[in-house]
Amino acid sequence: MNFKNTLKSSVAVAALYAVATPVTAIAADDTFSSGNKNSLKISGQIVKAIQHVDDGTSDKTYFSDGNWTSSRLRWVASGKLSDTITIGGAIEMNTPQSNTADSLTLGTARGARGTEGADSAWGIRHSYIYAKHKTAGKLTLGQTSVAADGSGEAKYTINGMFAGSDGSSYGSGVFFNNVATASAPTNSTVTVANAITNMDHAGRADILRYDFPKFMNVSVKTSVKDNGQWDVGAAWSDKFDEFKVQAKAGFTDTNQDVSKNFIATGSIAVLHDSGLNASIAGGKTGYQNQFESFGTPVGDTAGDGIDDPHFFYVGVGYNAKLFGVGGTGFHLGWNTTDNNVLKNNHDDNEGEAWAISAVQQFKSIGTEIGIEYANYSYDSKSGTTENTFDDVDALTLMTIFKF
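About the thresholds
- Residues numbered from 1 in each chain as written.
- Predicted model: local features only at pLDDT ≥ 70, side-chain atom pairs only at ≥ 80, totals over all residues.
- Heavy atoms only, no water.
- Pairing = 2+ DSSP bridges.
- Helix = DSSP H or I, 4+ residues; strand = E, 2+ residues; numbered from the N terminus.
- Buried < 20%, exposed > 50% of the residue type's maximum accessible area, 1.4 Å probe, protein only.
- Contact = heavy atoms within 4.5 Å.
- Polar contact = N/O pair within 3.5 Å; in protein donor to acceptor, adjacent residues only side chain to side chain.
- Patch = residues over 30% accessible without salt bridge, like charges linked within 9 Å, V, L, I, M, F, W, Y side chains within 5 Å.
- Areas by Shrake-Rupley, 256 points an atom, 1.4 Å probe, with all protein chains shown as cover.
- Salt bridge = Lys/Arg side-chain N within 4 Å of Asp/Glu carboxyl O.
- pLDDT = per-residue confidence, 0-100.

*Asks:* Break down the pairing of strand E14 (residues 243–253) for me, citing the residues and quoting the values.
*Replies:* The pairing of strand E13 (residues 230–240) with E14 spans 11 bridges and is antiparallel. Bridging from a neighbouring strand, Lys239 pairs with Lys244 of E14. Linking E13 to E14, which pair antiparallel, is a turn of 2 residues; within it Asp241 sits at a positive phi near 55°.

What follows is the structure, given as structure tokens:
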């Protein structure tokens, strides 16, 4: 055996393999590139919280995962087809949660300690591909945000940081207690999340979406699902001297749904250079007349008609620079939601939420730490009889670590 020849042959084969095989490399900006010249960025966040929840009968402190935002991991890829066309895609997954915040409950008896939340598995948030033209817009196919997603949430995007609850956040899985009989309060069938909402039900789905080219600071999107439902969303933002203004609106046609005709939401937020900000939002869900028989409402025991669910939100806040590590935000918000609970056919019930929050950013390490106190209340009728429910209170310390 000629050792020298064998060594030369081995080196030659290794070199040929290295040239022929695409090798993933890490660039100076921490992106990844492959043999086909596409780039890949990996990012995500870890969300954890300590929350104390009290339903008026019992209370408990939980160590949980996120609620209004969750732990996730994402891969975003893109490549240039030409000088004017970019092709890309993304996969984003909710990571498994060991103690899901929205499944935490309290006991039915006075002093009961409640239960821990359920574990969750990996879940798909986004999985899509897109083609974007510099002047002709963007076409997206896959599981991602529908066109109307976030139309009632302008305050989140204008603040640039966690801005407090605008509906049911931590404590959302807790049932309101009926205390008509004070000696024996019992869980109702209504949770905080059932009663209070911002109607951002559009969320994410398997869709074909088209984003029109932006014009005069206005962006418009429209998307369609495979079941025939469609939606449209529009957003506008501009700066006027010391004021930054943002407005959003969305409409979802749900006529393929057995119960709903449409969902319409909108929001406006204003941010002053001083850090002062304010926002309002509202929405309505239009229901079909499946609850009526020959023109007579079925189950309308109160006798005052059947109302479509709707909500209204108003909030004020202040973004300060108190420390050199990042911004500090304060926010106070109020939400009232009418007839969202399927009780007497969406009739005669109201949920209300107050929430005050403070958050500190640590920009160098991609971290936000916030504390929030929220109070949730619920009122309803059984016929002409007023039901009595205890409020639910939630005090939460939440940490978001982004990478």
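Here the narrative resumes, following the displayed structure.
*Asks:* Any chance you could break down the environment of Asp54 for me, citing the residues and the numbers?
*Replies:* In this fold, Asp54 is placed in strand E3 (residues 39–54). Looking at Asp54, the relative accessible area reads 28%, which means it is partly exposed. Separated by 336 residues in the primary sequence, Asp54 and Asp390 place their C-alpha atoms 9.7 Å from one another. Apart from the residues within four sequence positions on either side, Asp54 is in contact with Asp59, Leu106, Asp391, Val392 and Asp393. A polar contact is formed between the side chain of Asp54 and the backbone nitrogen of Gly56, at a distance of 2.7 Å.

*Asks:* Explain a nonpolar patch on the surface residue by residue, including any values.
*Replies:* Nonpolar side chains collect at one region of the surface, where Ile50, Phe63, Val316, Leu332, Trp354, Ile356, Ile369, Ile371, Tyr373, Leu395 and Leu397 lie side by side and expose about 990 Å² of accessible area between them. A total of 3 residues in the nonpolar patch trace back to one element, the largest contributor, which is strand E22 (residues 367–382). Within the element layout of this structure, Ile369 appears in strand E22.

*Asks:* Please give an account of the confidence of the model for the chain that cites residues and values.
*Replies:* Here the chain averages 80 in pLDDT, while 75% of its residues score no lower than 70. Predicted confidence is poor over residues 3–25, with pLDDT under 50, and the contacts of this stretch with residues over four places away or in other chains come to 10 contacts. Per-residue pLDDT stays below 50 along residues 290–304; that stretch engages in 26 contacts with residues further than four places along the chain or on separate chains.

*Asks:* Please provide a residue-by-residue account of unusual backbone geometry, values included.
*Replies:* Unusually for a residue other than glycine, Met216 sits at a positive phi of about 50°. Inspection of the secondary structure puts Met216 in the loop between strand E11 (204–211) and strand E12 (218–225). Despite not being glycine, Asn217 shows a phi value in the positive range, around 65°. For Asn217, a relative accessible area of 33% puts it in the partly exposed group.

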